[in-house]
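Here's the letter readout for the chains.
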Amino acid sequence: MRQSANGDSQAAPSTGPEGFLRFIDVKKSYDRKTLVVKGFDLDVAKGEFITLLGPSGSGKTTVLMLLAGFESVTGGDILIGGAPITRTAPNKRNIGIVFQNYALFPHMTVAENLAYPLKARKVARSTIKARVAEYLSLVELGDFGTRHPSQLSGGQRQRVALARALIFEPSLVLMDEPLGALDKKLREQMQFEITRLHQQLGFTVIYVTHDQTEALTMSDRIAVFNDGVVQQCATPDELYERPGNAFVADFIGENNMVPGKVVAVENGAVRVSISGEQHVVTQVADTKDIGSNCIVSVRPEKIFLDANEAHDNEIWARFMVRHYVGDFIRYYFELHDGTELTVKALNDITAPKFQKGERARLMWQRDDCFAFHTQQ
């Protein structure tokens, strides 16, 4: 473990033998007083898809700009293929970049937009023509070469931007909220397209987004940012199933965050008093001091309503309202102290029906919940 700039313990970065891209204690300050990136460490393997995820102002985009060379590093170093690049001009880093606003040249045709980075690198004309045709076909726009960006849909423009970032065959591609301007259906289509191209061509991706579903769907690993510090960097399933702290648990996916107090630690589990009257057992996360305040984290889909099977935890709550979502139903309950709990259940013949104010049993397993530290 290492200490972050704010004093919190932080997991050591991945330092495997395939560290193609390395961030070593990278810091950034705009006013020489406040750090917006606080000692960022990360090793990225060649061909890996890494997403930087976090709320606005958390530092994720700043890291991307430092890597691209559009911002200068205050401290630390960035290496690609073992060579430091922090003093290398942006156009010499051989990095492909895809922006949310496409950044296409409006006066150029689609084919001319794709040819531009090759012409800038003085590639032979015959090679340019063949490469443009190849990449138009790759993004399924083979018949659109003579059109201008204004004649394309948002999804088509983003495909052109993606092809232009890939056409000079960079080993590293940066994507800054590339799907933010698209509607839900187009976003999902482009998620599939980017994933397909990544798997087909094998380039390394550093992807910035605040969309959790997008990050979970596309990434090999996700670095979760908050206040300039990486809270946890792990695979999507590890982040979702085993969040490292209360921020990650609350930020990734939907979660119930129930205040409580640690009353015992037994057999590797934490016993917590919640709502002043009921006890639950949880996995140890980052707190186990008896008498300390904590947050019990349990996801809505992990809670069962009046199940026949035995569960480690069984509490009683008062039913408030339910929301019909289509494939599932979201139930809202209230504990004795007013704490709210959400339960997600499949919309099938087993979905229970409650009257407002009715008491119901809520059950879940110890392995599906965690006790996290909170301020006193």
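Scroll up to find the structure this text is about.
The notes below deal with the structure included here. The structure presented is a predicted model; accordingly, all values stated were derived computationally and were not measured.

Topic: the sheet that holds strand 22 (residues 369-373)
Spatial strand order, 13-14-15-22-16: 5 strands in a closed barrel with mixed pairing. Shown here is a sheet whose adjacent strand axes are inclined to one another by a mean of 55°, direction ignored. Pairing analysis gives 6 bridges linking strand 13 (residues 256-266) to strand 14 (residues 269-274), with the strands arranged antiparallel. Counted as the bridge partner of Glu-266 is Ala-269 from strand 14.

Concerning the nonpolar core
Ranked by internal contacts, the top residues of the largest apolar core, which has 36 residues, are Leu-114, Leu-162, Met-175, Ile-194 and Tyr-207. Contributions of two or more residues to this core are made by helix 2 (110-120), helix 3 (125-138), helix 4 (154-166), strand 9 (172-176), helix 5 (184-201) and strand 10 (204-209). In terms of residues, this core owes the most to one element, helix 4, which gives 6 residues. Beyond its immediate sequence surroundings of up to four residues, Leu-162 is in contact with Val-98, Met-175, Met-190, Ile-194 and Leu-197. By size, the runner-up hydrophobic cluster in this structure holds 28 residues, among which are Val-298, Ile-315, Val-343 and Leu-362.

Quick word on unusual backbone geometry
Non-glycine residue Glu-140 carries a positive phi angle of around 60°. For Glu-140, the position within the fold is in the loop between helix 3 and helix 4.

As for the state of the cysteines
Applying the stated criterion across every chain, the model contains 0 disulfides. Cys-294 takes part in no disulfide bond, and the closest cysteine sulfur, belonging to Cys-369, lies 10 Å away. Residue Cys-294 is classed as buried on the basis of its relative accessible area, which comes to 1%.

Observations regarding the pattern of salt bridges
All told, the structure shown has 17 salt bridges when counted by the stated rule. Note that Arg-221 and Glu-48 form a salt bridge whose closest N and O atoms lie 2.6 Å from each other. On the criterion of sequence distance, the pair formed by Arg-221 in strand 11 (residues 221-226) and Glu-48 in the loop between strand 4 (35-45) and strand 5 (49-53) is long-range, its members being 173 residues apart. Across the pair, Glu-48 and Arg-221 agree in class, each one buried. Here Arg-318 and Glu-334 are joined by a salt bridge, their closest N and O atoms 2.5 Å apart. Pair noted here: Arg-318 is in strand 18 (residues 313-324) and Glu-334 is in strand 19 (residues 328-334), with a separation of 16 residues, a long-range link. Look at Arg-318 and you get partly exposed, because its relative accessible area is 34%. Among the charged side chains, a salt-bridge network with shared partners connects Glu-140, Arg-159, Glu-193 and Arg-196.

What counts, and where the lines are drawn
- Residues numbered from 1 in each chain as written.
- Predicted model: local features only at pLDDT ≥ 70, side-chain atom pairs only at ≥ 80, totals over all residues.
- Heavy atoms only, no water.
- Pairing = 2+ DSSP bridges.
- Helix = DSSP H or I, 4+ residues; strand = E, 2+ residues; numbered from the N terminus.
- Axes fitted to C-alpha atoms, helices over the stretch in contact; angles between N-to-C directions.
- Core = buried A, V, L, I, M, F, W, Y, C linked by side-chain atoms within 4.5 Å.
- Buried < 20%, exposed > 50% of the residue type's maximum accessible area, 1.4 Å probe, protein only.
- Contact = heavy atoms within 4.5 Å.
- Disulfide = S-S within 2.5 Å.
- Salt bridge = Lys/Arg side-chain N within 4 Å of Asp/Glu carboxyl O.

Without other data, these values stay purely geometric and don't point to any function.
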